[in-house]
Amino acid sequence: MAQKTIAGIAVEVSSEGYLENPAQWTKEIALEIAGEIGIDLTDKHFEVLEFLRKEHAAGTQLTIRKVGKSGIVDIKGLYTLFPGGPLKYSAKIAGIPKPVSCV
Amino acid sequence: MTIETKERPLKKVCIICAKGTIEDVYATLVLANGAVMEGIEAKLFFTFFGLDAITKKQMNKIHTGTVGNPAMRMPGGLPFPSVLGMLPGVEAGVSAMMKSQMDKLDIPPVDEFLEMITAGGGEVYACKLAMDMFKLEEKDLWDGCSGVLTVGDFYAMCGGEGTQIIFT
């Protein structure tokens, strides 16, 4: 575990930069992590992020299939929102741990 | 090791699936889906019995073999005698059980899995020789197929730095 200051807030992050404590997440943190990845966040992105945070809090094992069935965005849309890492980037920006799922 | 993988990351996987059992087909699909989820390009080439996975009539009816599979066990871990696997309905029953286990892990049926892969930019191809052998036509194939290729066409897609060919 390491300390990192994101958007002016000191947070605990994993070696890969995922927030250790989702409660420390703010929209500003999301914007900054997304900026590092190269993604400009829109309202649609935030809808996905909120969904991921809610599901994570409920203890769900996240998969792109679950996001695709969320009614927010289909899988193709998820790839468009988070190119090159539909689940890993979205989870990182949402301030939740890296999903361990293979799907 | 770490340095090397950082300098030369995997950019593309070309996956060949020549068998039509649940384990062979799903190995292909999981590898391909995992690749596109990591931003790695994926090309899938289905040949011989692997064609079942992209044939409309067969794709959601694939089975696992219950005969001659020493790793096969009863629920609970007791050995699964091949003789039992020969009985009518056993292969179907075992296959249905495997599919229900996979469904619990959010692993979708074959057609939906292929849609997930192509949604991420993966491409699915059929082998021309095997198509001719099994008397299949393009209309028999899953609609998301990008085309029918000769082995030469397939190799032509497998070039480039950071590319690996995987035979499942």
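Note that the coordinates shown come from a computational prediction; the quantities given were computed from them, not determined experimentally.

A look at the overall build of chain A
Looking only at helices and strands, chain A features five helices and two strands. Reading the secondary structure of chain A in the N-to-C direction produces β-β-α-α-α-α-α. Relative to the compact-globule value of 13 Å for 103 residues, chain A shows a C-alpha radius of gyration of 13 Å, a close match. The C-alpha extent of chain A, read off along each of the three principal axes, is 35 × 25 × 20 Å. With 103 residues in all, chain A has 49% of them scored as buried.

Details of the interface of chain B and chain A
Each side of the interface is counted separately: chain B has 18 residues, and chain A has 15 residues. In this assembly, chain B packs against chain A so that about 1300 Å² is buried in total across both faces, 57% of it on carbon and sulfur atoms. On the chain B side of the contact with chain A, Met37, Asp106 and Met116 of chain B bury the most area, a combined 47% of that side's loss. Taken together, the links from chain B to chain A amount to six salt bridges. For the pair chain B and chain A, the interface holds five residue pairs in polar contact (both at pLDDT 80 or more). Listing elements by their share of the side of chain B that touches chain A, those giving two or more residues are helix H2 (22–37) and helix H5 (110–119) of chain B. When residues of the side of chain B that touches chain A are assigned to their parent elements, the largest contribution, five residues, is made by H2 of chain B. Broken down by class, the residue content of the side of chain B that touches chain A amounts to 10 nonpolar, four polar and four charged.

Observations regarding a nonpolar patch on the surface
On the surface, Phe48, Phe49, Met133 and Phe134 of chain B cluster together to form a nonpolar patch covering roughly 390 Å² of accessible area. Within the secondary structure, Phe49 of chain B sits in the loop between strand E2 (41–46) and helix H3 (82–85).

A short note on the pairing of E2 of chain B
All names here are of chain B. The buried fraction of E2 amounts to five of the six residues, a majority that puts the element mostly inside the structure. The sheet contact formed by strand E1 (residues 12–17) and E2 spans six bridges and is parallel. Opposite Lys12, over in E2, you have Glu41 as the bridge partner. Assessed by its sense of winding, the connection that carries the chain from E1 through H2 to E2 is right-handed.

Structural notes on the packing of aromatic side chains
All names here are of chain B. With the rule as written, the count across this model stands at four aromatic pairs over all chains. With a centroid separation of 6.0 Å and an interplanar angle of 45 degrees, the aromatic rings of Tyr26 and Phe113 are classed as tilted. Linking Tyr26 in helix H2 with Phe113 in helix H5, this pair joins segments that are 87 residues apart in sequence. Phe113 carries the same exposure label as Tyr26, and that label is buried. Consider the rings of Phe45 and Phe154, whose centres lie 4.4 Å apart with planes at 15 degrees: the pair is stacked.

Some words on the sheet that holds E1 of chain B
Residues and elements named next belong to chain B. Taken together, five strands build an open sheet; the order of strands is E4-E3-E2-E1-E5 and the sheet is parallel. Both edges of this open sheet fall to strand E4 (147–149) and strand E5 (163–167), since each of them pairs with a single strand only. Across the sheet, the mean angle separating the axes of adjacent strands is 25 degrees when strand polarity is ignored. Here five bridges tie E1 to E5, and the two strands are oriented parallel to one another. Bridged to Cys14 within E5 is Ile165. Contacts from H2 reach E1, E2 and E5, with the element oriented near 160 degrees to E2.

The rules behind these values
- Residues numbered from 1 in each chain as written.
- Chains lettered and ligands numbered in written order.
- Predicted model: local features only at pLDDT ≥ 70, side-chain atom pairs only at ≥ 80, totals over all residues.
- Heavy atoms only, no water.
- Helix = DSSP H or I, 4+ residues; strand = E, 2+ residues; numbered from the N terminus.
- Rg over C-alpha atoms; globule rule 2.2 N^0.38 Å.
- Buried < 20%, exposed > 50% of the residue type's maximum accessible area, 1.4 Å probe, protein only.
- Contact = heavy atoms within 4.5 Å.
- Buried area = accessible area lost by both parts, 1.4 Å probe.
- Salt bridge = Lys/Arg side-chain N within 4 Å of Asp/Glu carboxyl O.
- Polar contact = N/O pair within 3.5 Å; in protein donor to acceptor, adjacent residues only side chain to side chain.
- Nonpolar A, V, L, I, M, F, W, Y, C, P; charged D, E, K, R; others polar.
- Patch = residues over 30% accessible without salt bridge, like charges linked within 9 Å, V, L, I, M, F, W, Y side chains within 5 Å.
- Areas by Shrake-Rupley, 256 points an atom, 1.4 Å probe, with all protein chains shown as cover.
- Pairing = 2+ DSSP bridges.
- Right-handed = clockwise from strand over helix to strand, strands pointing away.
- Phe/Tyr/Trp six-rings, centres within 6.5 Å; stacked < 30°, edge-to-face > 60°.
- Axes fitted to C-alpha atoms, helices over the stretch in contact; angles between N-to-C directions.

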